[in-house]
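# Per-entry structural report
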Number of protein chains: 6
Amino acid sequence: MIYITRRERFNAAHRLFRPDFSDEQNLEIFGKCSNPNWHGHNYELFVTVKGEVDGSTGFLLNLKKLSKVIREKVIIALDHKNINIEVGFMQGKLASTENLAVGIWGELEETIISLGAELHCVKVSESENNFVEYFGK
Amino acid sequence: MIYITRRERFNAAHRLFRPDFSDEQNLEIFGKCSNPNWHGHNYELFVTVKGEVDGSTGFLLNLKKLSKVIREKVIIALDHKNINIEVGFMQGKLASTENLAVGIWGELEETIISLGAELHCVKVSESENNFVEYFGK
Amino acid sequence: MIYITRRERFNAAHRLFRPDFSDEQNLEIFGKCSNPNWHGHNYELFVTVKGEVDGSTGFLLNLKKLSKVIREKVIIALDHKNINIEVGFMQGKLASTENLAVGIWGELEETIISLGAELHCVKVSESENNFVEYFGK
Amino acid sequence: MIYITRRERFNAAHRLFRPDFSDEQNLEIFGKCSNPNWHGHNYELFVTVKGEVDGSTGFLLNLKKLSKVIREKVIIALDHKNINIEVGFMQGKLASTENLAVGIWGELEETIISLGAELHCVKVSESENNFVEYFGK
Amino acid sequence: MIYITRRERFNAAHRLFRPDFSDEQNLEIFGKCSNPNWHGHNYELFVTVKGEVDGSTGFLLNLKKLSKVIREKVIIALDHKNINIEVGFMQGKLASTENLAVGIWGELEETIISLGAELHCVKVSESENNFVEYFGK
Amino acid sequence: MIYITRRERFNAAHRLFRPDFSDEQNLEIFGKCSNPNWHGHNYELFVTVKGEVDGSTGFLLNLKKLSKVIREKVIIALDHKNINIEVGFMQGKLASTENLAVGIWGELEETIISLGAELHCVKVSESENNFVEYFGK
């Protein structure tokens, strides 16, 4: 069993808030992250997959294919987008890094399996001081 | 003459566009950076000041004071804000990294002088692949 | 189950030595790290907590609260301090990174639980080439 | 149980290819990584060992000893070398990062045990975007 | 006058040697970098251009265009290549980082001018500990 | 004219204080950096030299020689040392990063010239947020 990790990046705007709360209530709970005019981040996404090494290639998975899958399923949807407004798999959810990691897992899981590997971890880094990891359960 | 540099960070939303252009025209010139729903970045700001070392402290400038000035004059205005809408010194300008660097210089220059040093460079990094430097002329 | 990690930093002096040994014996075992005049590091601390996402906030834990706890319980005690002399939870212990990680775990565990999460890992990085991880058992 | 990690680095040339394939076939499977004239990388190696802290030193393992073992068993064999041609433990294998991680594990496992610790993970980073982890099974 | 910098990366093999010297002589002068079987690096290239901000775009230069030029003129020639054998602008030169920086300058200078800016600096980083800068004179 | 930069690192303890001041006065001026029990840092040192490329080697300067000079003249004196007490060229000076950069310049200048190059810049980074540059005048 071997684990390989691919890093991809996306820049996006978001806002932490509940639509059923007033701006004042949102400010109290979410602080400056609730700014109604949005703010944004350079997100880093680390996708770790696991499986057996294929003796005929020396690979668990061709990294170019893994990168292509991540870009098509996740990065196109998020990069230079507003997470609250424009990202299908985040609709109806709070745009937190936790929910982002869980959402990205959902976008990737099946395709990774179809490539002959298993999704192990989705790690989303929001800043140099904060990151979230989700292992699918 | 010695040069000291302080790094500060801010997370902000922005959009590259001209209000006199249509969304289509803006897309053509500014690409995905023109997204009407905004996107954002973790900006890094490096402020370099120069001057003589003060023999009584061993400092050009107390870094705590320099950090305080940068935070009060620049970071509070930019952090978790929308650069196009909410940042006074960016009003009426395109929200490019170039204009941001020039704008930040304007916010800092006088106060740095009042601290007994000279502003040498404002460097703004928008991503790990891009940064802008402005030397005041 | 989601994992979130917060990075905090502290700069401290320390010395690796046993008080029951001579300087020569300490030099033999601990090398230049036993310098009786101390040396120091920019330590990086990564605290990982785990738990369920709170549907009402999208958070496992408010990162501001987590950061505040780490600062109050750990960083204030360590930052710009001499680990051997001034840090209560390190008294009577060798000032190694291993003992530091275990000690920091002890300072944080209960408070993290009181915040509704579980402490998962304390990682202490002493330099770009060395780090220690402790998982509580 | 504590985990300590040591980073070491090596610069090497390699080529991804199967000797039983033509250059065209290798290009199709391995892309530009199959260049018959080689290419190369600054590899980063992270070796994680685990065990109990020794009360008499505060260490799981003296990091200088761990570094010396990694250098003698692995880095000397790989640094400024051609992985396909010159590295004994990689002969007859595809020079992928996956196989490199497994091969390095084999070079280190016994010696780590003789030092009183257990090898936990070999992580090999080929670029800022890709890394492989192997846990020995 | 504003300065913008774009980072691009390439992975390549090379060897430091003089064809008129024996392997022994090359080893004496160039050390392990003279390995006849090659070694390689993850090079980082930082291209800095300078000029006036265009009031109609807020840019000195569209970074996408700058990136495209660097890729077409330099990265395609170097990435996953053997610098000694396959890179046109390095033929007949020692494959040192110094010569690489000067060679890349030559490939870029005219095209940068045709884009309305001026080439200011080519910086080539061979490892985390070494880099070379060339300012064109 | 080409510029090459070598990074070296040292870990040291220090204290910012004036011996003619009381601890209270030092605390007022230098803050927590004046802790009488010391604190410390992982310093990074970047030494930039300039000169002409030697056609027979492709080098401005053999980086191994440059590294050796920096280690022998500077790193041995500083690494795992107390800057205030044990470093000859810092005696009688405040142990600030500014004075460290100027002091390191003095230790290196002549030897760099004897190697056929010119010292251009000494950069000392005390933390990820602060660094000092000295250009010799």
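For the structure itself, consult the block above.
The notes below deal with the structure included here. (Residues numbered from 1 in each chain as written. Chains lettered and ligands numbered in written order. Predicted model: local features only at pLDDT ≥ 70, side-chain atom pairs only at ≥ 80, totals over all residues. Heavy atoms only, no water.)

## Regarding the overall build of chain A
This is how the line gets drawn: Only runs of H or I of at least four residues qualify as helices and only runs of E of at least two qualify as strands under DSSP, and these elements are numbered from the N terminus. Throughout, a contact is declared for two residues whenever any of their heavy atoms are within 4.5 Å. Only the protein chains shown count as covering a residue, and every accessible area follows the Shrake-Rupley method with a 1.4 Å probe. The charge count includes Lys and Arg as positive and Asp and Glu as negative, but it does not include His or the ends of the chains. By convention, the point assigned to a charge is CZ for Arg, NZ for Lys, CD for Glu and CG for Asp.
What chain A contains, in helices and strands, is four helices and five strands. From first element to last, N terminus to C terminus, chain A shows the α and β order β-α-β-α-β-α-α-β-β. Considered along the principal axes of its C-alpha atoms, chain A spans approximately 60 × 25 × 25 Å. Partitioning the contacts of chain A with sequence separation of at least 6, the portion at a separation of at least 24 is 66%. For chain A, the computed accessible surface area is about 5500 Å², with 50% contributed by carbon and sulfur atoms. With 16 positive and 19 negative side-chain charges, chain A shows a spacing of 6 Å between the two charge centroids.

## Structural notes on the interface of chain A and chain B
Counted only if it meets this: A 1.4 Å probe defines the accessible area here, and the buried area is the portion of it lost by two parts on being joined, summed over both. Any carboxyl oxygen of Asp or Glu that lies within 4 Å of a side-chain nitrogen of Lys or Arg is treated as forming a salt bridge with it.
Tallying the contact residues gives 25 residues for chain A and 25 residues for chain B. Of all residues in chain A, Asn37(A), Asn42(A) and His80(A) give up the largest surface area on contact with chain B, accounting jointly for 29% of the area buried on that side. Linking chain A with chain B are six salt bridges, by the criterion used here. Between Arg7(B) and Glu128(A) there is a salt bridge, and its shortest N-O distance comes to 2.7 Å.

## Examining the environment of Arg71(B)
Residues and elements named next belong to chain B. Here is the rule we go by: Throughout this description, buried means an accessible area under 20% of the type-specific maximum (1.4 Å probe, protein chains only), exposed means over 50%, and partly exposed covers the range between. Pairs of N or O atoms are called polar contacts if they sit within 3.5 Å, as long as, within protein, a hydrogen donor faces a hydrogen acceptor (for residues adjacent in sequence, only side-chain-to-side-chain pairs).
Residue placement: arginine 71 occurs in helix α2 (residues 63–78). We classify arginine 71 as partly exposed; its relative accessible area is 42%. Here the alpha-carbon distance between arginine 71 and glutamate 107, two residues 36 residues apart in the chain, equals 11 Å. Aside from chain neighbours lying at most four places away, what touches arginine 71 is Glu8 and Ile76. Looking at arginine 71, its side chain comes within polar contact range of the side chain of glutamate 8, at 3.3 Å.

## Details of the relation of the copies chain F and chain E
Convention followed: When the copies are superposed, the least-squares fit draws on C-alpha atoms of residues that have pLDDT of at least 70 in both.
Its rotation angle being 120°, the transformation that places chain F on chain E also includes 0.0 Å of axial translation and leaves an RMSD of 0.0 Å. The relationship between the two copies is best expressed as a three-fold rotation axis. Rotation axis and chain F: the residue whose C-alpha lies nearest the axis is Glu128(F), separated from it by 8.8 Å.

## Regarding the pattern of salt bridges
Counting across every chain of the model gives 60 salt bridges over all chains. A salt bridge links Lys32(B) to Asp79(A); the nearest nitrogen and oxygen atoms lie 2.7 Å apart. With one member in each of two chains, Lys32(B) in the loop between α1 (23–30) and β2 (39–51) and Asp79(A) in the loop between α2 (63–78) and β3 (81–82) form a pair that bridges those chains. Ionic pairing is found between Glu128(A) and Arg9(B), a salt bridge with its closest N-O pair at 3.4 Å. With Glu128(A) in the loop between β4 (118–127) and β5 (130–134) and Arg9(B) in strand β1 (residues 2–14), this residue pair bridges two chains. Beyond isolated ion pairs, a larger network of salt bridges with shared partners links Arg7(A), Arg9(A), Glu44(A), Glu128(B), Glu128(D), Arg7(E), Arg9(E) and Glu44(E).

## Re the interface of chain F and chain E
The line we're drawing: Charged residues are taken to be Asp, Glu, Lys and Arg, nonpolar residues to be Ala, Val, Leu, Ile, Met, Phe, Trp, Tyr, Cys and Pro, and polar residues to be all remaining types, Gly included. Only strands that DSSP links by at least two bridges are regarded as paired with each other.
Every contact between the two is made by 18 residues of chain F and, on the other side, 18 residues of chain E. Carbon and sulfur atoms make up 52% of the area that chain F and chain E hide from each other, which totals about 1600 Å². For the pair chain F and chain E, the interface holds eight residue pairs in polar contact (both at pLDDT 80 or more). The element best represented in the side of chain F that touches chain E is strand β1 (residues 2–14) of chain F, accounting for six residues. Of the residues belonging to the side of chain F that touches chain E, the class tally is ten nonpolar, six polar and two charged. Sheet analysis places strand β5 (residues 130–134) of chain E next to β1(F), joined by five bridges and oriented antiparallel.

## Remarks on the packing of aromatic side chains
Formally: By convention, a stacked pair of Phe, Tyr or Trp rings (six-membered ring in the case of Trp) has centres within 6.5 Å and planes under 30 degrees apart, an edge-to-face pair has planes over 60 apart, and any other such pair is tilted. Any Lys NZ or Arg CZ that is within 6 Å of a ring centre and within 35 degrees of that ring's normal is treated as a charge sitting over the ring.
Counted under the stated rule, the structure contains 24 aromatic pairs over all chains. With 5.5 Å between their ring centres and 80° between their planes, Trp105(A) and Tyr134(A) make a pair best called edge-to-face. Highlighted residues: Trp105(A) in helix α4 (residues 97–114) and Tyr134(A) in strand β5, separated in sequence by 29 residues. Residue class for Trp105(A) comes out buried when judged on its relative accessible area of 7%. Directly above the aromatic system of Phe131(F) lies the positively charged group of Lys123(F), at a separation of 4.1 Å from the ring centroid.

## Examining empty space enclosed by the protein
This is how it is decided: Here the term cavity refers to a set of points on a 1 Å grid, laid over the protein atoms alone, in which a 1.4 Å probe fits but cannot get out; the term pocket refers to an open set having protein on both sides within 12 Å along at least five of seven lines, with lining residues being those that place an atom within 4 Å of a point. Grid points are joined across faces, edges and corners, and a volume is the space filled by probe spheres set on the points.
Following the criterion strictly, the structure yields one cavity of 30 Å³ or more and no others. Considering only enclosed or pocket space, the largest cavity measures out at about 40 Å³ in volume. Considering the residues around the largest cavity, the lining is formed by Thr97(E), Glu126(E), Asn130(E), Phe131(E), Val132(E) and Leu63(F). The greatest single-element share of the lining of the largest cavity, amounting to three residues, is contributed by β5(E). Residues that form the lining of the largest cavity fall into these classes: three nonpolar, two polar and one charged.

## Digging into the arrangement of the chains
Between chain A and chain E there is no contact; the minimum C-alpha to C-alpha separation amounts to 14 Å. Looking at chain D next to chain F, you find no contact at all, with the nearest C-alpha pair sitting 14 Å apart.

## What about the state of the cysteines?
The condition is simple: Two cysteine sulfur atoms make up a disulfide if the distance between them is within 2.5 Å.
This structure, assessed with the given rule, holds zero disulfides over all chains. Looking at the unpaired Cys121(E), the closest cysteine sulfur is the one in Cys121(B), lying at 13 Å.

## Examining helix α2 (residues 63–78) of chain E
Side chains three or four residues apart in an α-helix point the same way, a direct result of the helix having 3.6 residues per turn. Residues and elements named next belong to chain E. Rules: Bend is the name given here to the angle between axes fitted to two runs of seven residues, the run ending at a residue and the run starting at it.
Where α2 bends most, at arginine 71, the angle is about 45°. Three or more residues of α2 are buried, namely Leu66, Ser67, Val69, Ile70, Val74, Ile75 and Leu78. Contacts made by the buried residues of α2 are with β1 (2–14), β2 (39–51), β3 (81–82), α3 (83–86) and α4 (97–114). With a side-chain oxygen positioned 2.8 Å from the backbone nitrogen of lysine 64, the residue opening α2 is asparagine 62.

## Some points on the relation of the copies chain A and chain B
Rotating chain A by 180° about the axis while translating it 0.0 Å along that axis superimposes it on chain B, leaving an RMSD of 0.0 Å. Taken together, the rotation and translation describe the operation of a two-fold axis. Interface overlap between copies: 100% of the residues of chain A at the interface are likewise at the interface in chain B, consistent with a symmetric, same-surface contact.

## Regarding the side chain of Asn99(E)
Considering the arrangement of structural elements, one finds Asn99(E) in helix α4. One polar contact links the side chain of Asn99(E) to the main-chain carbonyl oxygen of Leu94(E), over a distance of 2.9 Å. Those residues in contact with Asn99(E) that sit more than four places away from it in its chain are Met90(E), Lys93(E), Leu94(E), Val53(F) and Gly58(F).

## Re α2(B)
Among the structural elements, β1, β2, β3 (81–82), α3 (83–86) and α4 (97–114) of chain B are those in contact with the buried residues of α2(B). A positive phi of about 60° marks His80(B), the residue just after α2(B).

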